[in-house]
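# Understanding the architecture of this molecule
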Amino acid sequence: MQAMRNKIFFLLVILCFSQAAFATELADTLLIAQPIDTIQFQTELELEEERLWCGLHPADSLYFGCWDTEWVNPYKIKIDSLPDSIFFLCRNYVHPIESKRITSNFGLRRYRFHYGIDIGLNVGDTVRSAFDGQVRIIDYEKRGYGRYIVVRHSNGLETVYAHLAKVFMHVNDTVKAGQPIALGGNTGRSTGPHLHFEVRFLGNAINPTKLIDFESQQVLQENYLMVKKETYDHKKILDELAKAQYCVVRSGDTLSGLARRYGTSVSALCKLNKISSKSIIRIGQRLRYR
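Residues numbered from 1 in each chain as written. Predicted model: local features only at pLDDT ≥ 70, side-chain atom pairs only at ≥ 80, totals over all residues. Heavy atoms only, no water.

## Thoughts on the overall build of the chain
Rule in force here: Per the convention used, a helix needs a DSSP run of H or I reaching at least four residues, while a strand needs a run of E reaching at least two, with both numbered from the N terminus. Each residue gets one of three labels from its accessible area relative to the maximum for its type: buried under 20%, exposed over 50%, partly exposed in between, using a 1.4 Å probe on protein chains only. Whether two residues touch is decided by their heavy atoms; if any such pair falls within 4.5 Å, the residues are in contact. Per-residue and other accessible areas were derived by the Shrake-Rupley procedure at a 1.4 Å probe size, with only the shown protein chains allowed to occlude residues.
Counting secondary structure elements, the chain contains six helices and 18 strands. Out of the 290 residues belonging to the chain, those deemed buried represent 42%. Put simply, 67% of the contacts in the chain that link residues at least 6 apart link residues at least 24 apart. Total accessible area on the chain stands at roughly 16,500 Å², and carbon and sulfur atoms take up 55% of it.

Structure, rendered in structure tokens:
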């Protein structure tokens, strides 16, 4: 009887050590952090297997486990805090729409910044996911994106598709590159049917033309090396916009009067607002004075 008890005790000890070792190995798997300065991604297959095994969303470790289904940029990570360089695997890219008609580029738009590229389309044209990934947001903004989708991709990028007429997907749906996700439209703040297309990393918009040739509808490099100083060379413009100050023209206002009120000059006002000293300003007009 004593020999049997010893055997049972021995087996229980082995079982406890085995479970502890497995738990430690799993914890190590979940807590491993990639290097901050330069990250060489694994293959898409390895990333997908890791995500499914750990029950994570795409590129979960890069996004610090944040999976927000309401805000396009919930991460609040400034450009200065991004990695100096990082690889993105882009070889399975599929252009989101057949049209090649660019109606508005990435960059400054008078008083605000345009964070994507607008592609003209016909209402009802099929919109496709650019890469494999998972739907993070489906929402509607009356004075902005209109009906839109945000997809997080396994390569670490996120894409935004806006002004849609109809959405086929649901939040948390897994999508494949080239899979139809919506129909193009003219919803929200839009002057005509088009797809507003954005590429973002940790919430910060990247000029899509740095990754994609919109004429050939192919990626420029299958393994895109994002160098922060080059990819985010528009940061200077964003910094200037953050400092900008505006006023609204009231009855009786003149350029010279506004210049005196805000401690500037007529020529400076004209330069900031791209007008001439002879331009007629109207009540309710918004003018930048800093």
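## A few points about the pairing of strand β8 (residues 146-153)
Side-chain direction in a regular strand flips from residue to residue, so the side chains alternate between the two faces of the sheet. Definition in use: Two strands form a pair only when DSSP identifies at least two bridges running between them.
Summarising burial for β8: seven of the eight residues are buried, a large majority. Where strand β7 (residues 133-141) lies against β8, eight bridges are found, and the strand directions are antiparallel. If you follow D139 over to β8, its bridge partner there is Y148. Two successive antiparallel strands, β7 and β8, enclose a turn made up of four residues.

## Description of the packing of aromatic side chains
To keep it simple, the criterion reads: Whether two aromatic rings pair depends on their centres lying within 6.5 Å, for rings of Phe, Tyr and Trp, where Trp uses its six-membered ring; planes under 30 degrees apart make the pair stacked, over 60 edge-to-face, and the rest tilted.
Taken as a whole, this structure holds nine aromatic pairs when the rule is applied. Between F88 and F201, the ring centres sit 5.2 Å apart and the planes meet at 70 degrees, which makes this aromatic pair edge-to-face. Residue F88 is located in strand β1 (residues 85-89), and its partner F201 is located in strand β12 (residues 194-201); the two are separated by 113 residues in the primary sequence. As far as burial versus exposure is concerned, F88 and F201 are alike and both buried. Measuring from ring centre to ring centre gives 5.6 Å for Y161 and F197, while their planes differ by 50 degrees; the resulting arrangement is tilted.

## Considering the nonpolar core
In plain terms, the rule: Only buried residues count toward a nonpolar core. Its members are Ala, Val, Leu, Ile, Met, Phe, Trp, Tyr and Cys residues joined through side-chain atoms within 4.5 Å.
If you look at the biggest cluster of nonpolar residues, it comprises 46 residues, and the most contacted ones within it are I149, Y161 and F201. Those elements that provide at least two residues to this core are β1, β5 (117-120), β8, β9 (158-167), β11 (180-184), β12, β13 (204-206) and β16 (223-227). At four residues, the largest contribution of residues to this core is made by β12. Dropping the residues within four chain positions of it, F201 is found in contact with L62, Y63, L82, P83, I86, F88, G156, L157, I206, M226 and Y232.

## Focus: unusual backbone geometry
A positive phi angle, near 70 degrees, is found at H163, a position not held by glycine. Mapping H163 onto the fold places it in strand β9. A positive phi angle, near 50 degrees, is found at L202, a position not held by glycine. Topologically, L202 is positioned in the loop between β12 and β13.

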